[in-house]
Every structure is written in structure tokens, then in C-alpha cells.
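Structural description and commentary
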Amino acid sequence: MKFVDEFRDAELGRVVAGEIVAAVEPGRHYKVMEVCGGHTHSIYKYGVDDLLPSNVELVHGPGCPVCVIPMGRVDDGIALAHEPGVIFTCFGDMLRVPGSSQTLLDAKADGADVRIVYSPLDALRIAKQNPEREVVFFAIGFETTAPSTALTLRRARAESVGNFSVMCSHVTIVPPLRALLESPDLRLDGFIGPGHVATVVGARPFQFLPDQYGKPVVISGFEPLDILQSVLMVLRQLGAGRATVENQYARVVPWEGNLRALEIMAEVFALRPHFEWRGLGFISQSALRISDAYAEWDAEERFSVPGVRVADPKACQCGEVLKGVIKPWECKVFGTACTPERPIGTCMVSPEGACAAYYNYGRFAREREVA
Amino acid sequence: MCLAIPGQVVEVVDEHNRLATVEVAGVRRTVNIGLLDVGDVGAVPGDWVLIHVGFALSKIDEEEARATLRLLEQMGAEYAQELDELKASVIE
């Protein structure tokens, strides 16, 4: 329990860990999925899973935006980056994500003008400073990030910034959860809901989990104590035979979400009929495109994007990891051919990816320390 | 890009574009506070906010802000990288 000392309230951490032990039925195996990559990261960093009884298993979900971008989409971005005159902007996390033949970092080394930005507003500023160039922003992320892209596009339109466009790869959280629950190879008992996504969408969109699938869900904060408390809340619902949406992170997440953000998203984006997710395949109505009103700023309208579907590398089992079917270390290439320095799959690229988190903080690292 | 970092609003510098100077981990940066414009009250100087990719996503109280900062500081490299990217950000 060495990590419990780093909790905001270590004593409370021990109490909650004890209550979890008391809440489980010894003969029953519990599988609880933490949806968000930020939670996965905290779980490994603080050894939250080590505080749980052996029959409570945390399963890592698909909520890492970098991890779910399919290879073909990365190739599309690289193709745009190689267009003459284009300044291609993206978040730093995207640079090392492998496409079928190279990464954006490789493209940059080949002479493409690829620039890391912290904010889509930085990309817009670069466009205004370089009126003779075309500036494309590679927008990724769940509902946490999409409102920022939306407000940036609003400003681009208000200021008639004609050399700015967005390659929109924003995804939404509910459809992949539904896809997972419909998949026959995974049996889940409950969910730890994503705190930051819920800040925007609120708790209500998760109501389908109890209503249609009978699964408890607890929206959770990111501190290890938050996650422990949320696991306890899920287990207590299961013990009482209840399934409902609870909000452990109410100090940040309003039940109805951020109405302003939702309103702006509805104006700037429209649902794509389907979108490919790495490892999960095509999921209908699971991603956002730029709405007709903003089509002028849609990079996919402005440029010819290859849009070729590329199968994931055979050795890579990111799909199974993203679905929670296997643990990171059960992948054949984990820690050998695939490392954070030389990733094969996306789950090893992003710090929120289950493989990178496990590699950096998990038992693997601890075993290496011991060895 | 997945982190949300707490900061304290210092002053609104561009009312029209809803930009404010926010102090984050000892550095002052400009962020957009337009997503907090719900009802009549937006973010005002003194408010603590959670910042994600240059946008204030929600208001939080000071205790929450300090606890979140402590958590982030313990993260080490990823938080350092996020702060570096934030420091390089020039929103105007």
C-alpha cells in the first residue's frame, strides 16, 4: 500500500479500500471498466488496482483520443501535411502516432511544415500570421476537446480567416460504450464514467447504461481516492442490485453538463454517419464532422484527402486492449517490439494509453526495478 | 493534451473574444473563457478554472484547484510537457 500515502487523504484512502473489501461477495468476479484514459493513467501511476481485492478487476476502456485514431486517418493527416504550402498543426501527442508508412514526426523530418500547438487558437493565430499559407489543424479528442475546436471555428468565421481549416476527427463517448456492450467477448459489471467528458456532456448521456443495459455507472474525478471511491460506489450498487448514474465528481461536473459548450458544438458540428475507430472498427454516429454552415473551414472539403482505410498492423493488439479484452502486457509485442520510444500501436503512444501507462508505471516497470 | 490544469483568472483582456489572462502554475497566459458564459455570469477575476487546450472548461473552487495541482505535480514528465506546451502558447 505504499502509494496510498500520496493520496489527498491517505487515511480516507485506507478506509475506502477497507470498505471495498467489505462490499464484495467473495465468490463473485467483478469487472469494472474505467472509460477514460486519464483514469487508466492514475490507476497505474498510483497502483489503485493493488488496493483492490483480487476479484475486482479494472478493465481499461476506449477513452483515449489519440489511441482510437485509425491508421488511415493518420495517413490522411500526413498527406495534408505534405501538400505544398500547408502548415499542418496538431497536438504534441499526435506526432509519434504511426501511420502506415510514417508518423507526422517523420513527415516533419522529410520537410513537411508540421507544428505542435497547445490550443486550436494557436493554430488560428499561425494562420493569421501566415496569410499566404494554408494552415490546417488536426482536431482530435472527445467532447472535452471538441468545444474548443468549435469556438475556434466560430472565431475563424467571424474574422473571415480564409486560410485556416480543420481536419475534424472528434469522436463521441457514448457510441463506443454501446458497441462494447453489444460485443459478445466482454462481460462488464459497471463503469467508471469519464470526469472531463462529463464536464461538457453532463451525467445524463450515461443514463442508457443503467436503463438499457442494467449497468451502474459512476462519473469519477481523477485523483486515486476519487477512483477508489467510484469503484466502491459501483460495487455498492451491484451489491444492492441497483443500476443508476451517480456523480462522484459533482464538485466539478454539473449534472446537465456545460450547456454553452453543447450549444456551440451543435452549431459547428454534425454527426458523421459512421467513423472508423482503431481496433473497434466502424461505429455509426460516433464522430463529428464540420457542419454545412462551416464547410468553408473543413479541410476535407478544401483538400483532397486520400481517405484510404488501412488495416492495423497484424502484430498490434490495440483493438483488444481498447475493448478491454486483453491487458496491455498480454499483447504479443508489449514491451518488446512496441515501446513508448518505438510504438507500433497508439495505446503505447499517448501517456493516457493503457499500454504506455502500464509500461511506465505498472507491474512491468516495478518488475524491472526488482530485476 | 488530455490534461486539464487549474488556473486563476487575473483579468479579462479581450471582452469581445472572451480572452482572459490566467495565472497557471506561476505563469500568466491568455486563455479563452467563452465556454463559461452561461446565463449572465461568465468567469471573473479571482475565479479558479480548469483549463484544457487553451479554454476554461469549468469553474472550480480553490481547494479543488490546489488538490488538482498537487496531483498534476506528482505526474512528473507529462505535466512538465503540458506546461511547456502551455508556455509556448500565444493566444491573442
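Residues numbered from 1 in each chain as written. Chains lettered and ligands numbered in written order. Predicted model: local features only at pLDDT ≥ 70, side-chain atom pairs only at ≥ 80, totals over all residues.

**Comments concerning the interface of chain B and chain A**
The parts lose accessible area when they come together, and the size of an interface is often stated as this lost area. Taken together, the contacts link 31 residues of chain B with 34 residues of chain A. Those elements that place two or more of their residues in the side of chain B that touches chain A are β4 (48-52), β5 (55-60), α1 (62-75) and α2 (77-88) of chain B. Counted by class, the side of chain B that touches chain A contains 17 nonpolar, nine polar and five charged residues. (Contact = placed C-beta atoms within 7 Å. Helix = DSSP H or I, 4+ residues; strand = E, 2+ residues; numbered from the N terminus. Nonpolar A, V, L, I, M, F, W, Y, C, P; charged D, E, K, R; others polar.)

**Topic: α1(B)**
All names here are of chain B. The end-to-end C-alpha separation of α1 is 20 Å, in line with the 20 Å expected for 14 residues at 1.5 Å each. Along α1, the residues classified as buried are Ala67, Thr68, Leu71 and Leu72. Viewed end-on, α1 has its buried residues packed into an arc of 140 degrees, placing them on one side of the element. The exposed residues of α1 that point more than 90 degrees off its buried face are Glu62, Glu63, Arg70 and Glu73. The inward-facing, buried residues of α1 contact β1 (5-14) and α2. Looking at the residues trailing α1, positive phi occurs at glycine 76, about 75 degrees. (Expected span 1.5 Å × (residues − 1). Buried ≥ 20, exposed ≤ 12 C-beta atoms within 10 Å, placed from the backbone. Arc of directions from axis to C-beta.)

**Let's talk about helix α11 (residues 259-268) of chain A**
Residue and element names in this part refer to chain A. The set of residues buried in α11 consists of Ala261, Ile264, Met265 and Val268. Down the axis of α11, the buried side of the element spans an arc of 100 degrees, and every buried residue falls inside it. If you follow the buried residues of α11, they end up packed against α6 (146-158), α8 (195-201), β10 (269-271) and β13 (288-290).

**Details of the environment of A:Leu58**
In this structure, A:Leu58 sits in strand β2 (residues 56-63). Look at A:Leu58 and you get buried, because 22 C-beta atoms sit within 10 Å.

**Here's the deal with the pairing of strand β4 (residues 113-116) of chain A**
Residue and element names in this part refer to chain A. Summarising the sheet, strand β3 (residues 86-90) and β4 pair through four bridges and their orientation is parallel. Paired with cysteine 90 across the two strands is isoleucine 116, which belongs to β4. Read from β3 through helix α4 (residues 104-109) to β4, the crossover connection turns out right-handed. (Pairing = 2+ DSSP bridges. Right-handed = clockwise from strand over helix to strand, strands pointing away.)

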